[in-house]
Amino acid sequence: MLSHLPGYSLPERLWRTVRRWALAWGRIVYLGAVVLVLSPSSYSPSARRTLARQIYLDTAPILLGFTVLAALLALVITRIVVVTALSYGLSRYALEMVIRVLVLELIPLTATLFVAMRCTIPHGTQLALLRQSGHFEALRAHGGDPVRMELLPRVVAGVFASITLAALSCVVALVMAYISVYGFNLAGLPGYTRMFGHVFSPAVTLVFVLKTLFSSLAVALIPTAAGMYDAGEGAAPDSELGGLARMFAVLLLIEVGSLVGNYY
């Protein structure tokens, strides 16, 4: 990154890089606070219709495809884990391993990344193009708020899509794991529900909910926030990749925090 700042000494390059990163994180925090403060009651009926339309466009087209993907992933991973556990005489722990790996860790992370690639990263590009075309200045000139009219619907839609996909795919994964082991009968349901309750203790459930919520906020807010502002003087040509780097860094921190909360 420092090599993209020619004509400056090393301390100046370092200072400009640190300042740009601090400014980017400050804007993300600011926009996140603005999004959380703004309430649906402050919107006109047309704005609420726009928000509902954006939520539908971000969720409905990808819901079926990702659900099928989650079902296939659950079948494959369940089969691999069960066969491996049987070969080592650990069959009693197979389903618990599947739930911990698949439902607690893999499915929520996959859902948020899927929403990021399908929805929120393109939204960030759209906002950058709108900003460069002068659309934001035109909105301000007519008394409009670009954050409320352009950013907020995309962020809320991204959060909703991510949470919806994670919740639905986790349910589908639980059902497919049960069918993969017990087949289409209810004989194993009592033991399966007891094991599920053992895994999803109150503490683990709280960590799971917080992880899903914060991951959804990260993938919805960070890429779109990167498109709201100019990168600034001396910014690198690949500055849009900085938003993706920040998003993946936050997701990594959330995942590490989830692992610490669940197993330490």
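Chemist: When you look at the overall build of the chain in this model, what are you seeing that I'm missing?
Modeler: The number of helices and strands found in the chain is eight helices and zero strands. Counting from the amino terminus, helix and strand elements in the chain follow one another as α-α-α-α-α-α-α-α. In the chain, which comprises 264 residues, the share counted as buried stands at 41%. For the chain, long-range pairs separated by at least 24 residues make up 81% of all intrachain contacts whose partners lie at least 6 apart in sequence. Entry remark: accessible area of the chain is about 14,200 Å², with carbon and sulfur atoms responsible for 71%.

Chemist: Just to check I follow, could you spell out the packing of aromatic side chains for this structure?
Modeler: Two aromatic rings, taken as a pair, are described by how far apart their centres are and by the angle between their planes. In the structure shown here, the tally under the stated rule is five aromatic pairs. The interplanar angle of 85 degrees and the centroid separation of 5.9 Å between the aromatic rings of Phe200 and Phe208 together place this pair among those described as edge-to-face. Note on accessibility: Phe200 and Phe208 belong to one class, buried. Pairwise contacts between aromatic rings join Tyr178, Tyr182 and Tyr192 into one cluster.

Chemist: What is the right way to read the environment of Met176 from this model?
Modeler: Note that Met176 resides in helix H5 (residues 146-182). In sequence terms Met176 and Val76 are 100 residues apart; their C-alpha atoms lie 9.9 Å from each other. Ignoring any residue separated from it by four or fewer positions in sequence, one finds Met176 in contact with Ala71, Ala74 and Leu75.

Chemist: I tried to follow the packing of H5 against helix H7 (residues 202-228) on my own but got confused; where do I start?
Modeler: Each pair of packed helices gets described by two things: the angle between the helix axes and the distance between those axes. The contact between H5 and H7 brings their axes to 9 Å, and the two run at 145 degrees. Taken as a pair, H5 and H7 cross one another with a handedness that is right-handed. Within the contact between the two elements, H5 uses Pro146, Val147, Leu151, Arg154, Val155, Gly158, Val159, Ser162, Ile163, Ala166 and Cys170 and H7 uses Phe208, Thr212, Leu213, Ser216, Leu217, Val219, Ala220, Leu221, Thr224, Ala225 and Met228. Class assignment of the residues belonging to the contact of H5 with H7 gives a composition of 16 nonpolar, five polar and one charged.

Chemist: Even after reading the chapter, I still don't get the side chain of Arg246, so can you show me in this structure?
Modeler: Relative to the assigned elements, Arg246 resides in helix H8 (residues 240-263). In this structure Arg246 comes out as buried when scored by relative accessible area, which is 10%. In this view, Arg246 contacts Trp21, Ala24, Trp25, Ile28, Ile222 and Ala226; residues no more than four positions away in its chain are not counted.

Chemist: Before we go on, may I ask you to explain helix H3 (residues 94-132) in this structure?
Modeler: What sets the pattern is the α-helix's 3.6 residues per turn: residues three or four places apart point alike. In this model, H3 (39 residues) spans 53 Å end to end at C-alpha, consistent with the 57 Å of a helix rising 1.5 Å per residue. The largest bend along H3 measures about 50 degrees and falls at Ala116. Phi for Gly134, located one or two positions after H3, is positive at around 90 degrees.

Chemist: Honestly, the layout of surface pockets in this entry has me stumped. Any pointers?
Modeler: Regions of empty space are outlined by a rolling probe, equal in size to a water molecule, passed over the atoms. By volume, the second largest pocket is sized at about 230 Å³. What lines the second largest pocket is a set of 14 residues, among which Ile28, Gly32, Leu217, Ala218 and Leu221 lie closest to the centre. Of all elements in the fold, only helix H1 (10-37) and H7 reach the threshold of two or more residues within the lining of the second largest pocket. When residues in the lining of the second largest pocket are grouped by element, the largest group, seven residues, is from H1.

Chemist: In this structure, what is going on with the environment of Leu210? I would like to understand it.
Modeler: Looking at where Leu210 falls in the secondary structure, it is placed in helix H7. Using a relative accessible area of 35% as the deciding quantity, one classes Leu210 as partly exposed. The spatial distance from the C-alpha of Leu210 to the C-alpha of Ile254 is 9.2 Å, given a sequence separation of 44 residues.

So, how was this worked out
- Residues numbered from 1 in each chain as written.
- Predicted model: local features only at pLDDT ≥ 70, side-chain atom pairs only at ≥ 80, totals over all residues.
- Heavy atoms only, no water.
- Helix = DSSP H or I, 4+ residues; strand = E, 2+ residues; numbered from the N terminus.
- Buried < 20%, exposed > 50% of the residue type's maximum accessible area, 1.4 Å probe, protein only.
- Contact = heavy atoms within 4.5 Å.
- Areas by Shrake-Rupley, 256 points an atom, 1.4 Å probe, with all protein chains shown as cover.
- Phe/Tyr/Trp six-rings, centres within 6.5 Å; stacked < 30°, edge-to-face > 60°.
- Axes fitted to C-alpha atoms, helices over the stretch in contact; angles between N-to-C directions.
- Left-handed = near helix turned anticlockwise from the far one by under 90°.
- Nonpolar A, V, L, I, M, F, W, Y, C, P; charged D, E, K, R; others polar.
- Expected span 1.5 Å × (residues − 1).
- Bend = angle between axes of the 7 residues up to and from the residue.
- 1 Å grid on protein atoms, 1.4 Å probe; cavity = no way out; pocket = protein on both sides within 12 Å on 5 of 7 lines; lining within 4 Å.
- Points joined across faces, edges and corners; volume = space filled by probe spheres on them.

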